[in-house]
Amino acid sequence: MLLRIVHHTRYRYQTPVLLAQHLAHLRPLEWQGQQVLEHHLSVSPEPAQLQQGLDAFGNWRCFFALQSAHQTLDVGADSLVQTRAPAPLPDSPPWEAVCEGFRYHAGARYLPASEFLFASPYVPRDEAFAAFARPVFTPGRPLLEACEALCGKIHTDLQYETASTQVNTPALEALAQGKGVCQDFAHIMIGCLRSLGLAARYVSGYLLTQPPPGQPRLIGADASHAWVSVWCDGAWHDFDPTNDRCGSPSPGEDYVTLTLGRDFGDVSPLRGVIQGGGAHQLQVDVTVAPPDEYRQLTQARSAADAANSAAARSASAAADDNGTDSSRAG
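About the criteria used
- Residues numbered from 1 in each chain as written.
- Predicted model: local features only at pLDDT ≥ 70, side-chain atom pairs only at ≥ 80, totals over all residues.
- Heavy atoms only, no water.
- Phe/Tyr/Trp six-rings, centres within 6.5 Å; stacked < 30°, edge-to-face > 60°.
- Helix = DSSP H or I, 4+ residues; strand = E, 2+ residues; numbered from the N terminus.
- Buried < 20%, exposed > 50% of the residue type's maximum accessible area, 1.4 Å probe, protein only.
- Lys NZ or Arg CZ within 6 Å of the ring centre and 35° of its normal.

Novice: Can you explain the packing of aromatic side chains? Please cite residues and give values.
Specialist: Taken as a whole and judged by the stated rule, the model has nine aromatic pairs. Their ring planes at 80 degrees and their centres at 6.1 Å tell us that Tyr122 and Phe264 sit as a pair that is edge-to-face. Placement of Tyr122 in the loop between α1 (95-101) and α2 (127-133) and of Phe264 in helix α6 (residues 264-267) is noted, with a sequence separation of 142 residues between them. For Phe264, a relative accessible area of 15% puts it in the buried group. Relative to Phe264, the ring of Tyr202 lies with its centre 6.5 Å away and its plane at 75 degrees, an arrangement referred to as edge-to-face. With Tyr202 in strand β8 (residues 200-207) and Phe264 in helix α6, this residue pair connects regions lying 62 residues apart in the sequence. Take Tyr202 and Phe264: they sit in the same class, and that class is buried. Through a chain of ring-to-ring contacts, the aromatic side chains of Phe57, Phe116, Trp231 and Trp236 assemble into a single cluster. In this arrangement the basic side chain of Lys153 is found over the ring face of Phe132, its NZ or CZ atom lying 4.6 Å from the centre. Looking at Arg201, its charged tip hangs above the ring of Trp236, at a distance of 4.0 Å from the centre.

Written as structure tokens, this is what we have:
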């Protein structure tokens, strides 16, 4: 599937920012499940310094510094990505055998996946997670079958509710309250798996969504998404507890993988340190669509904007001709 992803972030600051340093993770990964055909990153105002490279997890990251005063920051990422349909989950060994494979013993070879066994800033290892997962991790059950059941359990038992948590809400708190958003669901599933001795990582990306029946797709109406990747038999397999979907190497061809990490803290799309600024307003607009559809959307939006501008000019001209102040009501 060919998808266009446009991710735009705007900060408006109450007072001028004098100096700023930012780190962006906005370029999708190149891997077996997808190919990045085009990518363009724009930053306004123009940075004094900009460097791109790979982080410790193999994600593309961009560091940029602003050294002149500014009251707005605009960061835009425009990507064209070719995805492929995933394969069904393969057969897998019992989950206890996979845990045993991570157990240290003299002469054992190093497994990079073992980095994702341990607690991380957003995801502790805790008995509450293990207790939640145990009903589906029965003795001898194949690992990927148990993970699929856990994915469904989170989807069923927890309530998806926008704004029910904050970006820094602990995963244990989200589990206790029984609701959250995709970031919380991913953190909870990762916590469950790590608490049982399994390797799991956080996946940040995008999902092609469909507008309500009878309504058009809207530019900027999508959002970033998050799901989970589980290590088994030399490969990673993906599970999306928010939508109860899974597959290898991704949950579906309508998914675009942006970054991989231990938790959200490793892969935040944009973060930074600023001097000045005071309070700020943040606006994030994300659009995921097939390229032809996106082109039609932007053309329709441009035409609507032009019509609105023309109407405003006509109204202003009419007000001037009548000798009235168009800025006052009544």
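Novice: Outline unusual backbone geometry, listing residues and values.
Specialist: Look at the link from Ser44 to Pro45: it is a cis peptide, with omega at 5 degrees. Position of Pro45 among the secondary structure elements: in the loop between β2 (34-44) and β3 (49-54). Here the amide bond leading from Ser248 into Pro249 is cis, since omega sits at 5 degrees, within 30 degrees of zero. Mapped onto the secondary structure, Pro249 falls in the loop between β11 (245-247) and β12 (255-261). Of note, the phi angle at Ala163 is positive, near 65 degrees, even though the residue is not glycine. Although it is not a glycine, Asp233 adopts a positive phi angle of roughly 50 degrees. Checked against the element boundaries, Asp233 lands in the loop between β9 (224-232) and β10 (235-240).

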